[in-house]
Amino acid sequence: MNAKRVGADAIAAKGWLASYKWLLLRRTVQIAVLALFLLGPLAGIWIVKGNLNYSVTLGFLPLTDPYVALQSLLTGQVPERLGLIGAAIVLVFYLLVGGRVYCSWVCPVNIVTDTAGWLRRRLGIKGSVHLARNTRYWILGMTLVGSAASGILLWELINPVSMLHRGLIFGLGFAWVIVLMIFLFDLFVMSRGWCGRLCPVGAFYSLLGRWSPVRVSAPARAACNDCMDCFEVCPEPQVIRPALKGAATGAGPVILSPACTNCGRCIDVCSKDVFRFGTRFSNGVPANEAAPTDGALPLNS
Ligand code: SF4
Ligand code: SF4
C-alpha cells in the first residue's frame, strides 16, 4: 500500500519552493489584502477604507462586492454612484480572471477551509455526508429571492466571509463561533463542504467566472502517472478529470468548469508538471497526443 504524503513526489522532483509556489503566492495575497484593511484601524494608515463589501482605496478607487450590490438592488436600495462603479470594476476583474479567484486568493475563510482540508488528510478522516454540489446555487437563489421579498440584505445577516473579515479588523466576537463551526464541518462532517457545497458567495462568483479567459490547463497530461495528488489537494476535484483524462474522448486540456478556483495547487503538487496557467483559448489537443505514426503508443495511461 502506498502511504506517501500528498505532494511528496513533487517536492522530490522539483523542490519545496516550486511545490508550494502558488500556495505561497495566494497566502501572500490573502494576508496582504487583510493587512491593507488592518493598517487603517490599527496604525492610522488609511490606504484602504471599508471592508470586503465596500471599500475605497487611496481615496479614489471604489470596490464593491457585486453580490452585495445585487442583494441591495433587490431590496430596492440603489447603491450610490461610487458603489455602482465599484461593483462594475470588481465585476469586470472577476469576469476576466475567473470568479472563484475571489474564493482562493482573497476570501479569508479559504484559509480556514484549506486548513481543515489539510488536517483531514493528515488525520486520514474519510467519512462524509452527501450533499449535492448545486446546493450552493439553491442557497444563492434563496438569498436573492429572500432579499427581494424581505427588503433586507438577507445573506449579510449571517455571511461568515464578511463576519470574519470585519472580525479580524474590529475584533472577532461571535465570528469565532461561525468560523469554528465551518472548520469543524469541513474537518469532520464533509470534505470541502462549506466552499464546495454551501457558500452562496462562491456560487455567485463561479457564475461570474463561467466565461473567464484565465484557466488552468493540463497540456502535459500525457505525462500523468495517476498519482492522484492533484485530486487530493483540489477543493473541487470533479473539475480535473474532463481535462486531465480528455485524451480518450478528444477533449481539450483546459479546465473549463467555473467551479475551478484557479488556486494553482494542482500545478504545485504535480511532480510531472502536467498543469499550468493559460487561457481557455488554448484548448486544442496537445501535439504530443496526435495519432502516432511510428506504431508507438501514446504515453497517456
Ligand atoms: S496530473 Fe497526474 S501526475 Fe500530476 S498530480 Fe495529477 S494524477 Fe499525479
Ligand atoms: S483544478 Fe487546480 S486550480 Fe482548479 S481548483 Fe483544483 S487545484 Fe485549484
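All of these numbers come straight from a predicted model, not from anything done at the bench.

Novice: Any chance you could explain a nonpolar patch on the surface here in plain terms?
Specialist: Where nonpolar side chains cluster on the molecular surface, the patch consists of Leu 70, Leu 73, Leu 74, Val 78 and Leu 84 and spans about 390 Å² of accessible area. Along the chain, the position of Leu 84 falls in helix α5 (residues 81–97). According to the relative accessible area criterion, Leu 84 is partly exposed, its value standing at 36%.

Novice: So what exactly am I meant to see when it comes to the pattern of salt bridges here?
Specialist: For side chains bearing opposite charge, pairing can occur when the charged atoms are close. Per the stated rule, a full pass over the model turns up 10 salt bridges. For the salt bridge of Glu 236 with Arg 136, the shortest nitrogen-to-oxygen distance reads 2.9 Å. On the criterion of sequence distance, the pair formed by Glu 236 in the loop between α13 (229–233) and α14 (241–244) and Arg 136 in helix α8 (residues 135–150) is long-range, its members being 100 residues apart. On the accessibility criterion, Glu 236 (2% relative accessible area) is buried. By relative accessible area, Arg 136 is classed as buried at 3%. We note a salt bridge from Asp 226 to Lys 245, for which the minimum N-O separation is 2.6 Å. Of this pair, Asp 226 sits in the loop between β4 (214–217) and α13 while Lys 245 is found in the loop between α14 and α15 (265–269), placing the two residues 19 residues apart along the sequence. Connected through shared salt-bridge partners, Arg 26, Arg 27, Asp 114 and Arg 192 make up one network.

Novice: Help me understand the packing of aromatic side chains in this model?
Specialist: Given two aromatic rings, one states the distance between the centres and the angle between the planes to describe the pair. One pass over the full model with this rule turns up 10 aromatic pairs. Seen in terms of ring centroids, Phe 93 and Tyr 94 are 5.0 Å apart; in terms of plane orientation they differ by 80 degrees. Their pairing is edge-to-face. Overall, the relative accessible area of 42% leaves Phe 93 in the partly exposed class. Exposure remark for Tyr 94: the relative accessible area of 7% places this residue in the buried category. Clustering of aromatic rings is evident, with ring pairs tying together Tyr 67, Phe 93, Tyr 94, Tyr 102, Phe 204 and Tyr 205.

Novice: Explanation requested: the environment of Gly 151 in the structure shown.
Specialist: Note that Gly 151 resides in the loop between α8 and α9 (160–170). The spacing of Gly 151 and Ser 72 is 79 residues in sequence and 8.5 Å in space, taken between C-alpha atoms.

Novice: Hey, could you run me through the site of ligand 1 in this one?
Specialist: In the neighbourhood of ligand 1, the contacting residues comprise Cys 224, Asn 225, Asp 226, Cys 227, Met 228, Cys 230, Leu 244, Cys 270, Lys 272, Val 274 and Phe 275. Taken together, the residues of the shell around ligand 1 sort by class into eight nonpolar, one polar and two charged.

Novice: Honestly, helix α7 (residues 109–123) in this entry has me stumped. Any pointers?
Specialist: An α-helical segment advances 3.6 residues per turn. Residues three or four places apart therefore align on the same side. Counted at 1.5 Å a residue, the expected span for α7 with its 15 residues is 21 Å, and the 21 Å between its end C-alpha atoms agrees. If you follow the buried residues of α7, they end up packed against α3 (21–43), α6 (101–106), α9, α10 (175–189) and α11 (193–198). Looking one or two residues beyond α7, the residue adopting positive phi is Gly 124, at roughly 70 degrees.

Novice: Just to check I follow, could you spell out the domain arrangement of the protein chain for this structure?
Specialist: Much of the literature gives interface size as the accessible area that the parts lose upon coming together. Its domain assignment divides the protein chain into domain 1 (8–208) and domain 2 (214–281). Put simply, the middle of domain 1 and the middle of domain 2, counted by C-alpha atoms, are 23 Å apart. Counting across the domain 1 and domain 2 interface gives four salt bridges. A salt bridge links Arg 133 to Glu 236; the shortest N-O distance between them is 3.4 Å. When residues of the side of domain 1 that touches domain 2 are traced back to their parent elements, those giving at least two are α1 (8–14), α2 (16–19), α3, α5, α6 and α11. If you tally residues by element for the side of domain 1 that touches domain 2, the top one is α1, at five residues.

Novice: For this particular structure, what's the right way to read the layout of surface pockets?
Specialist: Leftover empty space is mapped by rolling, across the atoms, a probe with the size of a water molecule. Size it by volume and the largest pocket reaches roughly 1200 Å³. Val 6, Gly 117, Arg 121, Glu 232 and Val 233 are the residues nearest the centre of the largest pocket, which is lined by 49 residues in total. Mapped by element, the contributors of at least two residues to the lining of the largest pocket are α1, α3, α6, α7, α11, α13 and α15. In terms of residue count, α7 provides more of the lining of the largest pocket than any other element does, nine residues in total.

Novice: Is there a simple way to explain helix α12 (residues 200–208) in this structure?
Specialist: With respect to burial, α12 is a largely interior element, eight of its nine residues being buried. Among the residues of α12, those classed as buried are Pro 200, Val 201, Gly 202, Ala 203, Phe 204, Tyr 205, Ser 206 and Leu 208. Buried positions along α12 lie against α4 (66–74), α5, α6, α8, α9 and α11.

Novice: Explain the nonpolar core to me, please; I cannot follow it from the model alone.
Specialist: Most often, soluble globular proteins have nonpolar side chains that are buried together. Ranked by size, the top nonpolar core spans 36 residues in total, and within it Tyr 94, Tyr 102, Trp 194, Val 201 and Tyr 205 carry the most contacts. Of all the secondary structure elements, the ones that give two or more residues to this core are α5, α6, α7, α8, α9, α10, α11 and α12. At six residues, α10 tops the list of elements feeding residues into this core. Residues Cys 224, Ala 243, Ile 255 and Cys 270 belong to the second largest nonpolar core, which totals 20 residues.

Criteria and thresholds
- Residues numbered from 1 in each chain as written.
- Chains lettered and ligands numbered in written order.
- Predicted model: local features only at pLDDT ≥ 70, side-chain atom pairs only at ≥ 80, totals over all residues.
- Heavy atoms only, no water.
- Patch = residues over 30% accessible without salt bridge, like charges linked within 9 Å, V, L, I, M, F, W, Y side chains within 5 Å.
- Areas by Shrake-Rupley, 256 points an atom, 1.4 Å probe, with all protein chains shown as cover.
- Salt bridge = Lys/Arg side-chain N within 4 Å of Asp/Glu carboxyl O.
- Helix = DSSP H or I, 4+ residues; strand = E, 2+ residues; numbered from the N terminus.
- Buried < 20%, exposed > 50% of the residue type's maximum accessible area, 1.4 Å probe, protein only.
- Phe/Tyr/Trp six-rings, centres within 6.5 Å; stacked < 30°, edge-to-face > 60°.
- Near = heavy atom within 4 Å.
- Nonpolar A, V, L, I, M, F, W, Y, C, P; charged D, E, K, R; others polar.
- Expected span 1.5 Å × (residues − 1).
- Contact = heavy atoms within 4.5 Å.
- Domains from an automatic or database assignment.
- 1 Å grid on protein atoms, 1.4 Å probe; cavity = no way out; pocket = protein on both sides within 12 Å on 5 of 7 lines; lining within 4 Å.
- Points joined across faces, edges and corners; volume = space filled by probe spheres on them.
- Core = buried A, V, L, I, M, F, W, Y, C linked by side-chain atoms within 4.5 Å.

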